[in-house]
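In case you want the letters, here they are:
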Amino acid sequence: MAHLNILGMGVALVTPFSANKDIDFPALERVIDHVINNGADFLVALGTTGETPTLSAEEQRKVKEFIKEKTDGRLPLVIGVGGNNTAEVVRHLENEDFSGYSAILSVVPFYNKPTQEGIFRHFKAIAESSPLPVILYNVPGRTGVNMTADTTLRLAREIPGIIGIKEASGDIHQIQRLLREKPDDFTILSGDDGMTYPLMALGVQGVISVLGNAYPKEFAEMVHLCLEGNYIEAVDVHFKFRDIIRLLFTDGNPAGVKCVMHDMGLIENELRLPLIPVGDSTASEILQWVKILK
């Protein structure tokens with residue numbers, strides 16, 4: 001399986017909903033065009049930001065096909081395929097059609113709290129059954145378990161088809177070790193908008209971004225400046241968005257970014273339970289920053 005160059009500013013797409021909680025496909029098309037026309041390097045479908053756990057299997061198929069159709073080959077597509085039942089993830093990979101997509105993004109198993117050996121075997125089974133290259137996703141704040149640098153490096157070195165990781169551990173020492181010891185063709189992407197600049201200064205090659213749904217042009221500019229080694233100009237963008245990034249996650253993701261995108265006229269401010277829109281206080285702070293950033 002050939003290595004793919006997935007780097008730069010990727011956007012973890014939201015799933016817009018209408019007032020009756022149906023998927024708002026016209027709004028999804030607006031979002032796709034908004035991020036592509038403003039500098040995104042790749043898109044991620046059916047990730048955490050897309051509220052994927054609240055979508056039925058049929059809805060997930062419709063979203064997957066719609067994003068492929070509307071993107072129309074303009075840039076690479078990554079799709080989230082993960083879970084805490086290894087056999088079910090393998091079955092999904094072996095039976096679904098992933099044509100038009102370049103890689104899968106697969107999260108560390110959540111809730112079960114597997115050992116590091118269990119995590120290794122889980123991803124080994126996924127890579128061996130996947131028709132596409134695999135990007136690992138380490139986000140212990142959501143999964144309840146951290147995939148250690150030892151496990152990530154073992155997967156990167158030993159398992160063909162595993163091409164990179166979205167690292168959202170927040171552990172800069174762990175990420176520095178990955179950067180120092182990883183194979184040359186293994187890509188490390190930030191999973192945290194607020195840490196993207198400092199991590200790219202250390203050698204991380206991009207981000208899978210939530211903020212990019214709303215501000216793709218500015219965030220892509222920062223990422224591209226970092227890739228060019230122009231950290232002096234890039235830091236200005238980092239500080240410009242520092243406070244709003246914090247606010248976007250105050251009442252959970254994607255509630256914060258949906259609040260911003262609603263104000264921009266891109267989508268309705270609708271989420272599916274158990275997620276709800278940001279509270280009035282957080283919304284007021286977010287929208288104050290939106291005015292400043294205009």
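Report follows, based on the coordinates. Residue positions within a chain follow its written sequence, with the count starting from 1. Two thresholds apply to this predicted model, a pLDDT of at least 70 for residue-level local features and 80 or more for giving and counting side-chain atom pairs, whereas whole-chain, interface and lining totals are computed over all residues. Side-chain metrics in this entry use all non-hydrogen atoms of the structure; hydrogen atoms and water are not considered.

**Structural notes on the packing of aromatic side chains**
- Pairs were defined over the aromatic rings of Phe, Tyr and Trp, the Trp ring being its six-membered one, requiring ring centres within 6.5 Å. Orientation was assigned from the angle between planes: stacked under 30 degrees, edge-to-face over 60, tilted for the rest. The tally for this structure, following the rule as stated, stands at 3 aromatic pairs.
- Between F25 and F66, the aromatic rings sit 5.0 Å apart at their centres with planes inclined by 55°, giving tilted as the arrangement. One end of the pair, F25, is in helix α1 (residues 25-36); the other, F66, is in helix α2 (residues 57-71), with 41 residues separating them in the sequence.
- Judged by its relative accessible area of 13%, F66 is buried.
- Ring centres of Y197 and Y231 lie 6.3 Å apart, and the angle between their planes is 80°; on these two criteria the pair is classed as edge-to-face. Taken together, the residues span a long stretch of sequence, with Y197 in helix α8 (residues 196-202) and Y231 in helix α10 (residues 231-248) at a distance of 34 residues.
- Three labels apply to residues, based on accessible area from a 1.4 Å probe with only protein chains included: buried if under 20% of the type maximum, exposed if over 50%, partly exposed otherwise in between. Given the relative accessible area of 28%, Y231 is considered partly exposed.
- The rule for a charge over a ring is simple: NZ of Lys or CZ of Arg within 6 Å of the ring centre, and within 35 degrees of the ring normal. The cationic tip of K64 hangs over the ring face of F98; the distance from NZ or CZ to the ring centre is 5.2 Å. The secondary structure listing takes helices from DSSP runs of H or I that are at least 4 residues long and strands from runs of E that are at least 2 residues long, numbered from the N terminus.

**What to know about unusual backbone geometry**
- The linkage connecting N253 with the following residue, P254, adopts the cis geometry, with an omega of 10°.
- Residue L273 is joined to P274 through a cis peptide bond whose omega torsion reads 15°.
- Assignment of secondary structure puts P274 in the loop between α11 (255-263) and α12 (280-293).
- The phi dihedral of K21 is positive, around 75°, even though this residue is not glycine.
- If you trace the backbone, K21 turns up in the loop between β1 (8-12) and α1.
- Note on K21: relative accessible area 32%, which makes it partly exposed.
- A positive phi angle, close to 55°, is found at E51, a residue other than glycine.
- Structurally, E51 can be placed in the loop between β2 (42-45) and α2.

**Focus: helix α4 (residues 116-129)**
- Its 14 residues give α4 an end-to-end C-alpha distance of 20 Å, which sits within 8% of 20 Å, the value for a rise of 1.5 Å per residue.
- Working rule for contacts: check all heavy atoms of both residues, and any pair within 4.5 Å makes them a contact. Looking at the packing, one finds that the buried side of α4 touches α3 (86-95), β4 (103-107), β5 (134-138), α6 (149-158) and β6 (162-167). Expected helix span is given by 1.5 Å per residue-to-residue step, counting one fewer step than there are residues.

**Quick notes on α10**
- Over its 18 residues, α10 runs 24 Å from end to end, which matches the ideal 26 Å to within 8%, given 1.5 Å per residue.
- Of all bends in α10, the biggest is about 45°, found at R242.
- Every buried residue belonging to α10 is among A234, V235, V237, H238, F241, I244, I245, L247 and L248, and all of these are buried.
- Of the surrounding secondary structure, the elements contacted by the buried residues of α10 are α8, α9 (216-227), α11 and α12. One axis fitted to the seven residues ending at a residue, another fitted to the seven starting there: the angle between these axes is the bend at that residue.

**Observations regarding the nonpolar core**
- L43, I67, F123, L136, I162, Y215 and I244 are the most contacted members of the largest nonpolar core, which totals 89 residues.
- Per-element tally for this core: the top contributor is α10, with 8 residues.
- Once you skip the residues sitting within four places of it in the chain, I67 turns out to touch L13, L28, I32, A45, L77 and Y101.
- Of all hydrophobic cores here, the second largest spans 15 residues; its members include I6, A12, V44 and V107. Here, nonpolar core means buried Ala, Val, Leu, Ile, Met, Phe, Trp, Tyr and Cys residues that are tied together by side-chain atoms lying within 4.5 Å of each other.

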